[in-house]
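Residues per chain, in single letters:
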Amino acid sequence: MPDPVSSPHPHARPGAGGGEPPLDLLVVGGGPAGSAAALRALQLRPEARVLIVDAAEFPRDKTCGDGIAPHGVDVLRALGVTDVTRGYRPVDRMRLRTPGGAEVATPSERATHVIPREVFDARLMAAARARGAAFARRRVRALEIVTGDGAEPVVAVDGGALRARVVIGADGAHSAVRRALGIAPNPPEGLAIAVRAYADAPKDDRPPEQLIDMTDEGWPAYAWSFPIGDGRANIGYGMLRSRLRDSDGTPKAVLHGTLARMLPDTPAYEGTLRAHHLPLSTHRPRLPDGPVLLAGDAASLINPLTGEGIYYALLSGSLAGQAAVTAPGPAAGQAYRRALGRELGRHLRHTTLLADLAGRHRPLMDAAVRSASRRTELYDSLVELGLGKGTIPAGSLARLAARRAARGLRGRH
């Protein structure tokens, strides 16, 4: 039986094999990166033939912390999607707590939202389809770049069942498109693993706030509790895969047990504990040339300081969709890589530096949070580094770079 394909617009019919012309854009994965790619492509070229394929129907649950940073909302607003946060109250406080006892809880300059991915992703998919994207439920297993007769290369998926001028792999941490390109997965030290659940929101007299509670166990590691606004909270605990491998006990016992121990007052609802991998940007691959692009988790775009990935997914997906229709075919990869570098290059270098130093020297995080509790501008800088595309202030950057260089010299002696 053929895969079901639905489209609200005739121009979005999928390009199958045979005599059908190739699609302008095939997006593999219907999460934030994939939907943003389709939205941007159709914003620039409303007549483009765009198909999104995903193994799941929408709405569907997705294991995640559910935090939507304001920077992601900015990307969506630029894409013409303005109502994605409706019904969910903003949260403008974040409490950071370190193992050394440092703590800060200051209202942020801009509020975040906590929206279950079952809702958030379905809204984005609906927006993409309303703009003209088609959708097919199918699992992509293989792809190849096909050339011949001097024609522009196209990408054939699953033996030619689908053909497109550009393919965007937005299919998550275990991306089939990434594997098909021959790009290895992140190593254990560049891969986090987290367990997520839903629970009753904390009942106290404080205003709603997002909590990040760091722990020495498996450092760098932390638990979180993010209030949704409907009486529930998204709770979880994450650590590096390499540190989990060295822990006593099974991975499930370590993750579930540490979460329960760190958040004893908000036990997880039965059946909601689910684990997922987060490929960190500290080990992101070089994005390839050619007509096959990677966005979001598939490109290892996860913030190593916080595990935040939705903003990166929306931004990278939008930039990939733009490249797909403004530089179609072989030029798309280079155009996308340059655009992403302009937007995130400096930020990614700074988060890599800070994550490396904090991972090796935990008191550095204590000092940063303790200083942020006294200086609002430093707190805002930390939030921007963790949730947006902030960078380290010049003076601090010089001191951190010198510290890393000194540690490197000591390591060689």
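Structure shown above.
Residues numbered from 1 in each chain as written. Predicted model: local features only at pLDDT ≥ 70, side-chain atom pairs only at ≥ 80, totals over all residues. Heavy atoms only, no water.

Draft legend 1. Here's a closer look at the overall build of the protein chain. If you tally the helices and strands in the protein chain, you get eleven helices and 17 strands. On C-alpha atoms alone, the protein chain measures out to a radius of gyration of 22 Å, which is about the 22 Å that the 2.2 N^0.38 rule sets for 413 residues. Each principal axis of the C-alpha distribution contributes one length, and for the protein chain these read about 65 × 55 × 40 Å. Buried positions account for 54% of the 413 residues belonging to the protein chain. Excluding contacts between residues fewer than 6 apart, the proportion of contacts in the protein chain whose partners are at least 24 apart in sequence is 75%. Surface exposure of the protein chain reaches about 17,800 Å², of which carbon and sulfur atoms provide 52%. Within the protein chain, one finds 54 positive and 42 negative side-chain charges whose respective centroids are separated by 5 Å. (Helix = DSSP H or I, 4+ residues; strand = E, 2+ residues; numbered from the N terminus. Rg over C-alpha atoms; globule rule 2.2 N^0.38 Å. Buried < 20%, exposed > 50% of the residue type's maximum accessible area, 1.4 Å probe, protein only. Contact = heavy atoms within 4.5 Å. Areas by Shrake-Rupley, 256 points an atom, 1.4 Å probe, with all protein chains shown as cover. Lys, Arg positive; Asp, Glu negative; His and termini not counted. Charge placed at Lys NZ, Arg CZ, Asp CG, Glu CD.)

Draft legend 2. Region of the structure containing the packing of helix H1 (residues 32-44) against helix H3 (residues 117-131). It is the contact of H1 with H3, at a shortest axis distance of 9 Å, that shows an interaxial angle of 20°. By the angle class used here, H1 and H3 are roughly parallel. Of the two elements, H1 crosses H3, and the hand of that crossing is left-handed. In contact with Pro32, Ser35, Ala38, Leu39, Leu42 and Gln43 of H1, H3 contributes Arg117, Phe120, Asp121, Leu124, Met125, Ala127, Ala128 and Arg131. Of the residues in the contact of H1 with H3, the class split is nine nonpolar, two polar and three charged. (Axes fitted to C-alpha atoms, helices over the stretch in contact; angles between N-to-C directions. Parallel < 35°, antiparallel > 145°, perpendicular 65-115°, else oblique. Left-handed = near helix turned anticlockwise from the far one by under 90°. Nonpolar A, V, L, I, M, F, W, Y, C, P; charged D, E, K, R; others polar.)

Draft legend 3. Region of the structure containing the sheet that holds strand S5 (residues 91-97). Reading across from one edge, S4-S6-S5-S13-S14-S15-S12-S16 is the order of the eight strands in this open sheet, with mixed pairing throughout. Edge positions in the sheet fall to strand S4 (67-68) and strand S16 (274-279), since each of these pairs with one other strand and no more. Contacting S4 and strand S6 (103-114), helix H2 (residues 70-78) runs over the sheet at an angle of about 20° to S6. (Pairing = 2+ DSSP bridges.)

Draft legend 4. Region of interest: the side chain of Thr351. Residue position: Thr351 is located in helix H8 (residues 332-360). Here Thr351 falls in the buried class, since its relative accessible area comes to 0%.

Draft legend 5. Quick peek at the layout of surface pockets. Approximately 670 Å³ is the volume attributed to the second largest pocket. Classifying every residue of the lining of the second largest pocket gives 14 nonpolar, four polar and ten charged. (1 Å grid on protein atoms, 1.4 Å probe; cavity = no way out; pocket = protein on both sides within 12 Å on 5 of 7 lines; lining within 4 Å. Points joined across faces, edges and corners; volume = space filled by probe spheres on them.)

Draft legend 6. Seen up close, empty space enclosed by the protein. Throughout the structure, instances matching the rule amount to one cavity of 30 Å³ or more. Size it by volume and the largest cavity reaches roughly 40 Å³. Lining the largest cavity are Val91, Asp92, Arg93, Met94, Ser108, Arg110, Thr112, Gln210, Val383 and Leu387. Put simply, the parts of the chain that give the lining of the largest cavity at least two residues each are S5, S6 and helix H10 (376-387). It is S5 that contributes the most residues to the lining of the largest cavity, four residues altogether. Partitioning the lining of the largest cavity into residue classes produces four nonpolar, three polar and three charged.

Geometric descriptors of this kind do not, in isolation, establish any biological role.
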